[in-house]
Amino acid sequence: MTSEVDRGAPEGGRGAVGAAAPDVPPTEPAGGGAWRPGSVEVLAGLLVLLVVFREPIARALSAPRLQTWTTVFVSVMVQAVPFLVFGVVLSAVIAVFVPRSFWARALPRHPALAVPVASAAGVVLPGCECGSVPIAGSLIRRGVTPAAALAFLLAAPAINPIVLTATAVAFPDDPEMVLGRGVASLVVAMVMGWLWLRLGRADWIRLPRRPELDDGSRGRAFWAAVRHDVTHAGGFLVIGAAAAATINVVVPERWLQTLADEPVLSVLALAVLAVLLSLCSEADAFVAASLSQFSLTSRLVFLVVGPMVDLKLIAMQAGVFGRRFALRFAPATLAVAVAVAAATGAVLL
């Protein structure tokens, strides 16, 4: 793989955070003229189907497994939606009201130095992973080098004050879990940012064209950006939540107890479980604390992996950055997160 930095860029100006930054990915071209059903048509079709099949649907909803599925789906959505809205509003503010020159001043011009600064910025933003995805996309549009934006995407949901406080409350007898989660998550975010600088390519990120951001009125552009991101990211959130609920119903609980007795397998099992459950980072500490049959190191892996790689995040990243990006970024992040969290747990726990 080749570096994301253009070979023709002058030395010392590599990855600058200006409007003409060489590593800002191109946007996708506008689609063709083929008719596609809009949200109103889709909603009308669903309502018609609900009316026609209301009796079979009512019988199916009374089944215990489907009730469990519904409970998990609704819980994931209820946890994620408020923070998604927060992230979307902040993303629109960044896209419309924050000038490009601000990022040139706020972040170091050298991308390798911008990565840790962007990672540490996650400490001050109380949001979850659902909100960090549109924020990262907005940062890239404003000229921030993708490596720094991606480092922020990974760090913000894991090291912000709300998440660390929730972790301390969930593990009152193990305060080292808070330190371990913060340190491991920050290291993973920086490592992934630096890996992107080394191996990433700008054409892997295909941000959708956003003509509404060029509206002459900032107010209209702001609300257009909010509507677009809520509809777009929210749709992928629904897909991820449905997949997580399906996994919760399909996977037998007795499998977890069997895996907990094997140190290596328990680490891998909780890493996979974090991906499948797709919990909000503000709530995952309480789930981890309830998995008392697993070691603290295994549960630390669960807490580090979850806010960075899960089903809803993969779906949302594919929607915001493109499938080529998600297929490369998610597996790499998972591998780095498991390795760093396991090593951190071996040292601190």
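Preceding this paragraph is the structure being described.
Residues numbered from 1 in each chain as written. Predicted model: local features only at pLDDT ≥ 70, side-chain atom pairs only at ≥ 80, totals over all residues. Heavy atoms only, no water.

Draft legend 1. Geometry of the pattern of salt bridges. Here the structure, examined in full by the defined rule, presents three salt bridges. Linking arginine 201 and aspartate 203 is a salt bridge whose minimum nitrogen-to-oxygen distance equals 2.8 Å. Under the relative-accessibility criterion, aspartate 203 is labelled partly exposed at 28%. The residue lysine 312 makes a salt bridge to aspartate 310 at a minimum N-O spacing of 3.0 Å. For the pair formed by lysine 312 and aspartate 310, the shared burial category is buried. (Salt bridge = Lys/Arg side-chain N within 4 Å of Asp/Glu carboxyl O. Buried < 20%, exposed > 50% of the residue type's maximum accessible area, 1.4 Å probe, protein only.)

Draft legend 2. Highlighting helix α16 (residues 323-348). Between the first and last C-alpha of α16 there are 37 Å, a value that for 26 residues agrees with the 38 Å anticipated at 1.5 Å per step. Restricting attention to buried positions, one finds in α16 the residues Phe325, Ala326, Phe329, Ala330, Thr333, Val336, Ala337, Val338, Val340, Ala341, Thr344 and Gly345. Buried-residue contacts for α16 involve α7 (146-159), α9 (176-199), α12 (263-277), α14 (296-305) and α15 (311-321). (Helix = DSSP H or I, 4+ residues; strand = E, 2+ residues; numbered from the N terminus. Expected span 1.5 Å × (residues − 1). Contact = heavy atoms within 4.5 Å.)

Draft legend 3. Quick look at a nonpolar patch on the surface. On the surface, a cluster of nonpolar side chains totalling about 550 Å² of accessible area is made up of Val42, Leu46, Val48, Leu49, Val52 and Phe53. Positionally, valine 42 belongs in helix α1 (residues 39-52). (Patch = residues over 30% accessible without salt bridge, like charges linked within 9 Å, V, L, I, M, F, W, Y side chains within 5 Å. Areas by Shrake-Rupley, 256 points an atom, 1.4 Å probe, with all protein chains shown as cover.)

Draft legend 4. Structural context of the packing of aromatic side chains. Enumeration according to the criterion identifies seven aromatic pairs in this entry. Note on phenylalanine 222 and tryptophan 223: the rings are 5.0 Å apart at their centroids and 75° apart in plane angle, and the pair reads as edge-to-face. For phenylalanine 222, a relative accessible area of 12% translates into the label buried. An aromatic cluster is built from Trp196, Trp204, Phe321, Phe325 and Phe329, whose rings are joined through pairwise contacts. (Phe/Tyr/Trp six-rings, centres within 6.5 Å; stacked < 30°, edge-to-face > 60°.)

Draft legend 5. Local environment of the side chain of threonine 344. By the element assignment, threonine 344 lies in helix α16. Once residues within four sequence positions are removed from consideration, threonine 344 is found in contact with Gly180, Ala184, Leu300 and Leu349.

Draft legend 6. Representation of the packing of α15 against α16 in the model. At a closest axis distance of 7 Å, the pairing of α15 and α16 adopts a crossing angle of 140°. Judged by the angle between their axes, α15 and α16 are oblique. When the axes of α15 and α16 are compared, the crossing they make is right-handed. Of the residues in α16, those touching α15 at Ile314, Gln317, Ala318 and Phe321 are Arg323, Phe325, Ala326, Phe329 and Ala330. Tallied by class, residues from the contact of α15 with α16 come to seven nonpolar, one polar and one charged. (Axes fitted to C-alpha atoms, helices over the stretch in contact; angles between N-to-C directions. Parallel < 35°, antiparallel > 145°, perpendicular 65-115°, else oblique. Left-handed = near helix turned anticlockwise from the far one by under 90°. Nonpolar A, V, L, I, M, F, W, Y, C, P; charged D, E, K, R; others polar.)

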